[in-house]
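The primary structure of each chain is shown beneath.
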Amino acid sequence: MPRLSRPALLLVPLLGFMVLTYLVPFLGVAAWSVTLPEPGLTQYQTALTDPLVLSVFLRTFRICLIVTFATICASYMITLLWVRGSRMQRLVIELCILIPFWISVLTRAFGWLALLSNKGILNTWAQNLGFLTEPLTLVRNEFGVIVGMVHFLIPFAAFPLASAMRAVDERVLLAARGMGASRTRVFAQVFVPMTAPGILGAALVVFVFALGFFVTPALLGGGRSVMAAELIYLRIFQSPNWGLGAAISVILMVAVGGLLALLMRQARPAGAR
Amino acid sequence: MITRPGLLAVCVAALVAVFLLMPLIAVIPVSFTPTRYLSMPDGEWSLRHYQALIDNPAWAKGLGLSIGIGVVSAVLATSLALAFSLGIWILQPRFAGLLLGIALLPMVAPPVVSALTLYFFLITLSKFNDFVAYDTWAGVALAHSVMIAPYAVVLITVALAQVDRRIDLAARGMGATLGRRIRQVILPSIRFGVLSALLLTFVLSWEEIGVTLFITSVDAVTLPRLMWMGLRDNIDPAIAAISVLLIGIVVIVILGKTLWLGSSEAKAK
């Protein structure tokens, strides 16, 4: 082992690795977006005016908003019990959050297909019990995409929410109770506002995750409700227009960069407090 | 704790918990269906899809490839991340934020953008060699290393934040060289952080699909890639069988860890 004389040398391998394998190739992708098929900004013009691409952007934005809202609501309620429940409740909830978290996105999407597809468990039961005569279409549409994404993202929202809830001073809640506020009022007017920075942070994380989502929408959307990430895949591999795929990637990267800058600004004062 | 959640809150949380577990439980009966397509077993249960996992050599090949790529990329990513995090911890450079930003880039960028970037990288490499290239195991291992290294940086940096700087200063004051400080003072205090980084990066590579989809086609077919092919068009119930096995492993590991070590919260107290 050669003797290390300067600690700065420790930084070089990973930084060099990232620059070579990530930063430079990303510049290459950005170069595609302004050179394929011809030099100029035509691909960005297409991306921002073409009705098909615009409708995909709009759908992506709408699905991400719905998914973020549903994920935060569901995650908040389950995290509440994870942090403030009895010992047994905490243990059970922890398992319910951690087990899905460690299971691959493919397996989880497959689980939803098994549950929701036309020959899936829900439709089979509903038909056997006589609730339905025709199977209900629950996947290969936007509903399936939203269910799958919310399921994937709940654990990711639970971790920041839990740390926000653990920071709440119990005595404030007791004081509110002592002054005669009902349970509901303590929750809505004391507990939720005190965890608001955590909610905002978790919402931003979930939204950023949802924006770049590819696997779940591709499997549960069945090609019918295409989102931005899947559009990139289609433009690279199925009906090739590499320039457009690259341009959409750059737009997506800029959007996520902007949101993360917002997250940093939001996180800093909280950390300083 | 005195202000416990009320009955309503418990019921809503229970519903969410059911929602979280439902799709994982749903794959179990489906994996025993006797038919060739996705359906519930109708009275008759069969093990044919588990048999198919053994009979079709593609599954064993995918398994071997995924383990190999996971080990190589986890070791590479964790080594690079370890050196980097040590460098940041020792130097505390003023521009540490910027350096960390570069190191964490693949973690925060949208996965599909990373996938396209690595696709560009590997098809460019393909023009110069056949080993580290598009649709080769070495290419996939390299791309996975890029994607998982940031997670190792985070875990090791967190472990380093708990090391008492004065111990290192004492070693330095007594004349220990940098290599010796790292090997005999710092590394022993962060060995659990490094081990968990190795484990996490292996798992992340093991289940990586977003990037893998862009950089492989027919030769470097990892286990997730194989599952993707069985899910995309006609759903193959063999996917249910493999899913049950994968879920089983996760449940056993998590249950074992939680019951053995106690929940993370009990530890915190």
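Data block above holds the structure.
Reading the values: rules and limits
What you see as residue numbers is a count from 1 along each chain, following the sequence as written. Both sets of labels track the order of writing: A upward for chains, 1 upward for ligands. Predicted model: local features are reported for residues with pLDDT of at least 70 only, side-chain atom pairs are reported and counted for 80 or more only, and whole-chain, interface and lining totals are derived from all residues. The helix count covers DSSP runs of H or I at least four residues long, the strand count covers runs of E at least two residues long, and both are numbered beginning at the N terminus. We compute the radius of gyration over the C-alpha atoms and compare it with the globule rule, which gives 2.2 Å times the number of residues raised to the power 0.38. Remark: C-beta atoms are placed from the backbone, and a residue is labelled buried if 20 or more other C-beta atoms sit within 10 Å of its own, exposed if 12 or fewer do, or partly exposed between those counts. Placing a C-beta atom from the backbone of each residue, one calls two residues in contact when those atoms lie within 7 Å. By convention the nonpolar core is taken to be a set of buried residues drawn from Ala, Val, Leu, Ile, Met, Phe, Trp, Tyr and Cys and joined through C-beta atoms within 7 Å. The axes used here are C-alpha line fits, helices contributing only the stretch in contact, and every angle between their N-to-C directions lies in the interval 0 to 180 degrees. Should an angle lie under 35 degrees it is considered roughly parallel, over 145 roughly antiparallel, and from 65 to 115 roughly perpendicular; all remaining angles are considered oblique. Working rule for handedness: look at the near helix, and if it is turned counterclockwise from the far one by less than a right angle, call the crossing left-handed; if clockwise, right-handed. Basically, the charged four are Asp, Glu, Lys and Arg, the nonpolar ten are Ala, Val, Leu, Ile, Met, Phe, Trp, Tyr, Cys and Pro, and anything else, Gly included, counts as polar. Every helix has an expected span of 1.5 Å times one less than the residues it contains. A residue's bend is simply the angle between two axes: one fitted to the seven residues ending at it, one to the seven starting at it.

Asker: Before we move on, can you summarise the overall build of chain A with the specific residues and values?
Answerer: Regarding its fold elements, chain A presents 13 helices and zero strands. Traced from its N-terminal end to its C-terminal end, chain A shows the element sequence α-α-α-α-α-α-α-α-α-α-α-α-α. Computed over the C-alpha atoms, the radius of gyration of chain A is 23 Å, more than 25% above the 19 Å expected from 2.2 N^0.38 for a compact globule of 273 residues. Structurally, chain A occupies a C-alpha span of about 70 × 70 × 45 Å along its principal axes. Evaluated residue by residue, chain A yields a buried proportion of 45% over its 273 residues. Pairs at least 24 apart in sequence give 73% of the contacts found in chain A among residues at least 6 apart.

Asker: With reference to specific residues and values, describe the nonpolar core.
Answerer: One finds A:Ile78 and B:Ala81 to be the most contacted residues of the largest nonpolar core, which totals 159 residues. Dropping the residues within four chain positions of it, A:Ile78 is found in contact with A:Ile93, A:Ile97, A:Ala158, B:Ala13, B:Val16 and B:Ala17.

Asker: Account for the packing of helix α5 (residues 105-116) of chain A against helix α12 (residues 238-261) of chain B, naming residues and giving values.
Answerer: The N-to-C vectors of α5(A) and α12(B) enclose an angle of 125 degrees; their axes lie 10 Å apart at closest approach. The orientation of α5(A) with respect to α12(B), classified from their angle, is oblique. The element α5(A) and its partner α12(B) pack so that their crossing is left-handed. Contacts between α5(A) and α12(B) involve A:Thr107, A:Phe110 and A:Ala114 on the former and, on the latter, B:Ile239, B:Ala240, B:Ser243, B:Leu246 and B:Ile247. Of the residues that constitute the contact of α5(A) with α12(B), the class distribution is six nonpolar, two polar and no charged.

Asker: Break down the interface of chain A and chain B for me, citing the residues and quoting the values.
Answerer: Contacts between the two partners involve 74 residues from chain A, matched on the other side by 74 residues from chain B. Residue classes in the side of chain A that touches chain B are distributed as 52 nonpolar, 13 polar and nine charged.

Asker: Please set out the environment of A:Val215 residue by residue, giving values where relevant.
Answerer: Within the element layout of this structure, A:Val215 appears in helix α11 (residues 215-221). Among the residues examined, A:Val215 registers 24 C-beta atoms within 10 Å and is labelled buried. If we skip the residues at most four places from it in the chain, A:Val215 touches A:Val105, A:Leu106, A:Ala109, B:Ile209 and B:Gly210.

Asker: Tell me about the environment of A:Val226, and name the residues and values.
Answerer: Residues and elements named next belong to chain A. Residue placement: Val-226 occurs in the loop between α11 and α12 (228-237). Looking at Val-226, the number of C-beta atoms within 10 Å reads 20, which means it is buried. Put simply, Val-226 and Val-53 are 173 residues apart on the chain and 10.0 Å apart in space, counted from C-alpha to C-alpha. Beyond its immediate chain neighbours, meaning those up to four positions away, Val-226 contacts Val-56, Gly-221 and Leu-231.

Asker: Tell me what's going on with helix α1 (residues 7-31) of chain B, and back it up with residues and numbers.
Answerer: All names here are of chain B. With 25 residues, α1 should reach 36 Å at 1.5 Å per residue; the first-to-last C-alpha distance of 36 Å fits that figure. The largest bend in α1 is about 40 degrees, located at Met-22, with the proline Pro-23 one to four residues further on. Ala-13, Val-16, Ala-17, Leu-20, Pro-23, Leu-24, Ala-26, Val-27, Val-30 and Ser-31 are the residues of α1 that are buried.

Asker: Tell me about unusual backbone geometry, residues and numbers included.
Answerer: Excluding glycine, residues mostly have negative phi values, and the peptide bonds linking residues are mostly trans. That bond from A:Leu36 to A:Pro37 is cis: its omega, -5 degrees, falls within 30 degrees of zero. Note that A:Pro37 resides in the loop between α1 (8-35) and α2 (42-49). You will see that B:Gln92, though not glycine, has its phi angle at about 45 degrees, which is positive. Relative to the helices and strands, B:Gln92 resides in the loop between α3 (57-91) and α4 (96-108). Phi is positive for B:Asp135, close to 60 degrees, though the residue is something other than glycine. Positionally, B:Asp135 belongs in the loop between α5 (111-126) and α6 (137-161). With 16 C-beta atoms counted inside 10 Å, the residue B:Asp135 sits in the partly exposed group.

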